[in-house]
Amino acid sequence: MKYQHIVFDVDGTLVDTEYSVLHSFRDVLETLTGKHYEPEELTFALGMPSEDALARFGLSLTTEVQILWGTQSKKYDRTNKLFEGMETVLETLKARSCSLGIVTSRNRLEFQEDIEGFGITRLFDHVICADDTTEHKPKAAPLLKYMELAGARPEETIYVGDSIYDALCAQAAGVDFADAVWGSHTVDRPARYFPETPLEFLGMMK
C-alpha cells in the first residue's frame, strides 16, 4: 500500500456538521452584533478556524465567545452525523496497519465537545487541532506537525479533506490530497483523488 499515513479533516470529511456549524455561527454573530445572517452567507467559514471566521467580523475568540459558541452548537448536536460508511473505512484502514491521523481547524475544546462522542477517536494515532500550531490551514504547519509526531514522510502520507484550505495545506506540506467529494460536493480543488463516497476512497487505497 502506497500510503502508510492517512490523515483526515473532520468537518465535511469524517463528520457531516455543515448544518450545525453554519447555524451556530449565525446565532453567535446575531448575539454579538445584533445582525442577522443567512447560513448561506457564512459558508466561507467551513473548514476555517473559529478565530479566523470571527475575525472577518472584527470579533475575537475570547473565553466568553467560545462558551457562547459551544452553547449554540449544542442546540444542533442532533444534526451532526458520521458520513455513511466512514467507521467501516477507518476500521479497515486500521486493520491494514495504516497510521491514521486527524488535522482539523477546530480547537481542542471544540473537538472534544462535538466530535469525541462519535467514538472514532480511538482509531487515530494523532489528532492535530488548531491550538497545536501557531499557523493554520491553508499553511502547511498542521500537517507538518502530524508528520513530525508520527515520523511520517510526505511521500507516504495522504490528506483527505473537503475544502480549499485542506487542499492548499496538503500542497504546501508536499503530500497527496484526496478531495472528499461526499462532503465538498465539488471537484474544483487540486487533488490526486476525487472519491465520491468514503467507501470509494477505501477502494482507491488498495
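Predicted model, so just to flag it, every value in this text is computed and none were measured.

This part is about the overall build of the protein. When its secondary structure is counted, the protein shows nine helices and seven strands. Across its three principal axes, the protein shows a C-alpha extent of roughly 55 × 30 × 30 Å. Within the protein, buried positions represent 52% of all 206 residues. For the protein, the accessible surface area stands at approximately 9400 Å², while carbon and sulfur atoms represent 50% of it. The averaged location of the 34 negative side-chain charges in the protein is 3 Å from the averaged location of its 20 positive side-chain charges.

Below, the discussion takes up the sheet that holds strand 5 (residues 126-128). Taken together, five strands build an open sheet; the order of strands is 5-4-1-6-7 and the sheet is parallel. Strand pairing shows two members of the sheet lacking a second neighbour, strand 5 and strand 7 (176-179), which therefore form its edges. Strand after strand, the sheet turns through a mean of 20° between neighbouring axes, direction not considered. As defined by bridge partners, strand 1 (residues 5-8) adjoins strand 4 (residues 99-103) across four bridges and the pair is classed as parallel. Bridging from a neighbouring strand, F8 pairs with I102 of strand 4. Here helix 7 (residues 164-173) sits on the sheet in contact with strand 6 (157-161) and strand 7, set at roughly 165° to strand 7.

Turning to the pattern of salt bridges, a few remarks are in order. Under the counting rule described, the total for this entry stands at 18 salt bridges. Residue K2 is joined to D176 by a salt bridge in which the shortest nitrogen-to-oxygen separation is 3.5 Å. One end of the pair, K2, is in the segment before strand 1; the other, D176, is in strand 7, with 174 residues separating them in the sequence. In this structure, D166 engages K137 in a salt bridge whose closest nitrogen and oxygen atoms are separated by 2.7 Å. Pair noted here: D166 is in helix 7 and K137 is in the loop between strand 5 and helix 6 (141-150), with a separation of 29 residues, a long-range link.

Counting buried positions over the five residues of strand 6 gives five, a clear majority of the element. Residues T157, Y159 and G161 of strand 6 are buried on one face, and the alternating residues I158 and V160, pointing to the opposite face, are buried as well. Taken together, the four bridges between strand 1 and strand 6 define a ladder with parallel strand orientation. For V7, the partnering residue across the bridge sits in strand 6 and is Y159. With four bridges connecting them, strand 6 and strand 7 associate as parallel partners. The residue of strand 7 that forms the bridge with G161 is D179.

Turning to the nonpolar core, a few remarks are in order. I6, F8, L14, L93, F124 and F201 are the most contacted members of the largest nonpolar core, which totals 30 residues. Take this core: its biggest share by element is four residues, from helix 4 (residues 86-95). Sequence-distant contacts of F201, that is, excluding residues within four places in its chain, are made with I6, F8, V89, L93, I158, V160, A178, W182 and P195.

This brings us to the packing of aromatic side chains. On inspection of all chains with the given rule, the structure shows 10 aromatic pairs. Residues F8 and F124 carry aromatic rings whose centres are separated by 6.3 Å and whose planes lie at 80° to one another, so their mutual orientation is edge-to-face. Taken together, the residues F8 in strand 1 and F124 in the loop between helix 5 (108-114) and strand 5 connect sequence positions 116 residues apart. Aromatic side chains F25 and F44 sit 6.4 Å apart centroid to centroid with 70° between the ring planes, which places their arrangement in the edge-to-face category. With F25 in helix 1 (residues 18-33) and F44 in the loop between helix 1 and helix 2 (50-55), this residue pair connects regions lying 19 residues apart in the sequence. Among the residues examined, F25 registers a relative accessible area of 0% and is labelled buried. On the basis of relative accessible area, F44 is assigned to the partly exposed category, the value being 23%. Chaining the aromatic ring pairs together yields one cluster made of F25, Y37, F44, F57 and W69.

Analysis parameters
Residues numbered from 1 in each chain as written. Predicted model: local features only at pLDDT ≥ 70, side-chain atom pairs only at ≥ 80, totals over all residues. Heavy atoms only, no water. Helix = DSSP H or I, 4+ residues; strand = E, 2+ residues; numbered from the N terminus. Buried < 20%, exposed > 50% of the residue type's maximum accessible area, 1.4 Å probe, protein only. Areas by Shrake-Rupley, 256 points an atom, 1.4 Å probe, with all protein chains shown as cover. Lys, Arg positive; Asp, Glu negative; His and termini not counted. Charge placed at Lys NZ, Arg CZ, Asp CG, Glu CD. Pairing = 2+ DSSP bridges. Axes fitted to C-alpha atoms, helices over the stretch in contact; angles between N-to-C directions. Contact = heavy atoms within 4.5 Å. Salt bridge = Lys/Arg side-chain N within 4 Å of Asp/Glu carboxyl O. Core = buried A, V, L, I, M, F, W, Y, C linked by side-chain atoms within 4.5 Å. Phe/Tyr/Trp six-rings, centres within 6.5 Å; stacked < 30°, edge-to-face > 60°.

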